[in-house]
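An overview of the molecular structure
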Amino acid sequence: MNCSSCPRNCKIDRENVSGFCGVGKNLTLAKATLHWGEEPILSSGKGSGAIFFSGCNLRCVYCQNYKVSRGFGKEISIKRLSEIFKELEDLGANNINLVTPTHFIDQILQAFELYKPQIPIVYNSSGYEKVESLKRLEGIVDIYLPDFKYSDNMLAQKYSKCPNYVETAKNAILEMRRQTKDVVVDGLMKSGLIIRHLMLPNAIDNTLGVIDWINENFSKDTYISLMGQYIPYGDSFKFEELKRKIKPIEYKIAINRLYNYGFLNSFVQDLDSAQTTFIPEFNLDGV
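Structure report, in brief.

Scanning the protein from N- to C-terminus turns up nine helices and 10 strands. Its C-alpha atoms give the protein a radius of gyration of 18 Å, within 12% of the compact-globule value 19 Å for 287 residues. A principal-axis box enclosing the C-alpha atoms of the protein has dimensions of 50 × 45 × 35 Å. Out of the 287 residues in the protein, the part that is buried amounts to 55%.

Printed below as a string of structure tokens:
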């Protein structure tokens, strides 16, 4: 299994050693639970059925799920994953929310062959995706929830060791839109696309660049989630500019840009959400 499922193309034999993502071939999960921390049209009411996959192909220095992105979790079988789909569905989950699934696409597709839930499937990722891999998900994924982290590849390299993030994420998000043109929202989202952006301190130009690109390429009814929940975490303390939260003025500038463009479907946060108490406890629940 010389892995090339993500844009890293690390070509590592994950049968025997971990890839750049930090995990091997076997499915590894950190948590599977009802989760209310997503956007309201995904998690209101009974909650989103979140499955947190271990490892990550981006591994940002400031990752809010740092422990999981570095590989914490328990190895499970493909059959067990299909059972987790059913268990979350039986608990009344609004959807099945695949969190950071990129490096396990093959195994996830096999699990869906064993059991395909009758609720929407959410693909929740960093946005650093191969178009070819996303095309394999067409007709299976109902809702794409990508982050668009950077409009500046210098920042992408500095914080995520990813010098080609911008162009790669743009192509991926455009493919996600192609697959989900028929947006359906009936209280909760049934199908569609939500583009997320986590603001970083001292990087307002990066955020405005993200918003500008969305404005140039997407209709005004596009759902955008502008997140101000950043807190210094993980390895962010190695970078002086990342050692603080977002300032209200930074968030205000970004929100004004969104609304001035007419993106009225935008989700914004109370900056009080920038607390560690909002980070899930990863304890193998539901695995």
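Still more ground to cover, so stick around.
Before going further, it helps to spend a moment on the pairing of strand β4 (residues 96-99). Judged by which residues are buried, β4 turns out to be covered on both faces: I96 and L98 on one side and N97 and V99 on the other are all buried. Relative to β4, strand β2 (residues 48-53) runs parallel, the two being bridged by four bridges. Bridging across to β4, A50 finds its partner in N97. Where β4 and strand β5 (residues 121-125) come together, four bridges link them in parallel fashion. Its bridge partner being in β5, N97 is matched across the sheet by V122. In terms of handedness, the path from β4 via helix α4 (residues 105-114) over to β5 forms a crossover that is right-handed.

Glancing now at the packing of helix α3 (residues 78-90) against α4. Direction vectors running N to C along α3 and α4 enclose 60°, while the axes themselves pass 8 Å from each other. In terms of orientation, α3 and α4 fall into the oblique class. The chirality of how α3 crosses α4 is right-handed. Contact with α3, carried on its side by I78, K79, L81, S82 and F85, involves Q107, I108, Q110, A111, F112 and L114 of α4 and no other residues of that element.

A separate point is the packing of aromatic side chains. For the structure on display, the rule yields 13 aromatic pairs. Seen from their ring centres, Y159 and F239 are 5.4 Å apart, and the 85° between their planes marks the pair as edge-to-face. With Y159 in helix α6 (residues 153-160) and F239 in the loop between β9 (223-227) and α9 (248-261), the pair connects residues that are 80 residues apart, well separated along the chain. A residue is classified by how much of its surface remains accessible, and F239, at 18% relative accessible area, is buried. Plain terms: the ring middles of W213 and F218 are 5.5 Å apart, the flat faces sit at 65° to each other, and that makes the pair edge-to-face. By the ring-pair criterion, three or more aromatic residues cluster together here, those being Y128, F148, Y150, Y165, W213 and F218. A cation over an aromatic ring shows up here: K67 above the ring of F72, its NZ or CZ 4.1 Å from the ring centre. Geometry around F263 places K220 over its ring, the cationic atom sitting 5.0 Å from the centre.

Every buried residue of α6 is accounted for by L155, A156, Y159 and S160. An end-on view of α6 places all buried positions within 105° of arc, on one side of the element. Residues of α6 that are buried make contact with α7 (165-179) and α8 (204-217). The residue sitting at the N-terminus of α6 and contributing the capping side-chain oxygen is D152; that oxygen lies 2.8 Å from the backbone nitrogen of M154.

As a further point, take the environment of Y66. With respect to the helices and strands, the residue Y66 is situated in helix α2 (residues 66-69). Within the structure, the side chain of Y66 is placed 2.8 Å from the side chain of D235, a separation counted as a polar contact.

It is worth spelling out unusual backbone geometry at this point. Not every positive phi belongs to a glycine, and T100 is a case in point at roughly 55°. By the secondary structure assignment, T100 is in the loop between β4 and α4. Residue class for T100 comes out partly exposed when judged on its relative accessible area of 23%. Backbone geometry places K161, a non-glycine residue, at a positive phi of 50°. Residue placement: K161 occurs in the loop between α6 and α7.

Each value, and the rule that gives it
- Residues numbered from 1 in each chain as written.
- Predicted model: local features only at pLDDT ≥ 70, side-chain atom pairs only at ≥ 80, totals over all residues.
- Heavy atoms only, no water.
- Helix = DSSP H or I, 4+ residues; strand = E, 2+ residues; numbered from the N terminus.
- Rg over C-alpha atoms; globule rule 2.2 N^0.38 Å.
- Buried < 20%, exposed > 50% of the residue type's maximum accessible area, 1.4 Å probe, protein only.
- Pairing = 2+ DSSP bridges.
- Right-handed = clockwise from strand over helix to strand, strands pointing away.
- Axes fitted to C-alpha atoms, helices over the stretch in contact; angles between N-to-C directions.
- Parallel < 35°, antiparallel > 145°, perpendicular 65-115°, else oblique.
- Left-handed = near helix turned anticlockwise from the far one by under 90°.
- Contact = heavy atoms within 4.5 Å.
- Phe/Tyr/Trp six-rings, centres within 6.5 Å; stacked < 30°, edge-to-face > 60°.
- Lys NZ or Arg CZ within 6 Å of the ring centre and 35° of its normal.
- Arc of directions from axis to C-beta.
- Polar contact = N/O pair within 3.5 Å; in protein donor to acceptor, adjacent residues only side chain to side chain.

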